[in-house]
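Breakdown of the fold
Listed here are the chains, written in short residue letters.
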Amino acid sequence: QVQLVESGGGLVQPGGSLRLSCVAYRSNLALYAMGWYRQAPSNQRELVAVSTSGGSTNYADSVKGRFTISRDNARYTVSLQMDSLKPEDTAVYYCYAQHVIERSKVYWGEGTEVTVSS
């Protein structure tokens, strides 16, 4: 079992920045791919960014060049630095972890709300 707790959401003006953090209460975090999804009102949940267990990263086209995902396995954290925020980035952001071998083992945080508005 992996417990994920997000923090860092809030209200920011367009063009501003926020940093989301997710603490994973679990050992052997290196066995998990970790990342962020988001869900805007009336939209499906969509992948924002992922950090694989091997250290590679992938991003949704809509956030490339603006968002940066990073992880620190020793501190059980994964972070999402969000720059040049746009109103369309407004959503609830969810941290997730997926075991790299037992791929049915997927865990979610409760979500943290990000609102980009002037």
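A brief look at the structure comes next. (Residues numbered from 1 in each chain as written. Predicted model: local features only at pLDDT ≥ 70, side-chain atom pairs only at ≥ 80, totals over all residues. Heavy atoms only, no water.)

1. Thoughts on the pairing of strand β3 (residues 18-25)
- Because side chains alternate across β3, one face comprises the buried residues Leu18, Leu20, Cys22 and Ala24, and the other comprises Arg19, Ser21, Val23 and Tyr25, none of which is buried.
- With 5 bridges joining them, strand β1 (residues 3-7) and β3 adopt antiparallel strand pairing. Bridge assignment links Gln3 to a residue of β3, and that residue is Tyr25.
- Taken together, the 6 bridges between β3 and strand β8 (residues 77-82) define a ladder with antiparallel strand orientation. When the bridges of β8 are listed, Arg19 appears paired with Gln81. (Buried < 20%, exposed > 50% of the residue type's maximum accessible area, 1.4 Å probe, protein only. Helix = DSSP H or I, 4+ residues; strand = E, 2+ residues; numbered from the N terminus. Pairing = 2+ DSSP bridges.)

2. Describing the packing of aromatic side chains
- Per the counting criterion, the structure on display carries 4 aromatic pairs.
- Residues Tyr32 and Tyr107 carry aromatic rings whose centres are separated by 6.4 Å and whose planes lie at 55° to one another, so their mutual orientation is tilted. With a gap of 75 residues between them, Tyr32 in strand β4 (residues 32-39) and Tyr107 in strand β10 (residues 106-108) connect regions that are remote in the sequence.
- Assessed through its relative accessible area of 2%, Tyr32 is described here as buried. (Phe/Tyr/Trp six-rings, centres within 6.5 Å; stacked < 30°, edge-to-face > 60°.)

3. Quick word on the sheet that holds β1
- The 4 strands are arranged β1-β3-β8-β7 in an open sheet whose pairing can be described as antiparallel. Of all the strands in the sheet, the pair left with one neighbour each is β1 and β7 (67-72). The mean inter-strand angle of the sheet, taken between neighbouring strand axes irrespective of direction, is 15°. (Axes fitted to C-alpha atoms, helices over the stretch in contact; angles between N-to-C directions.)

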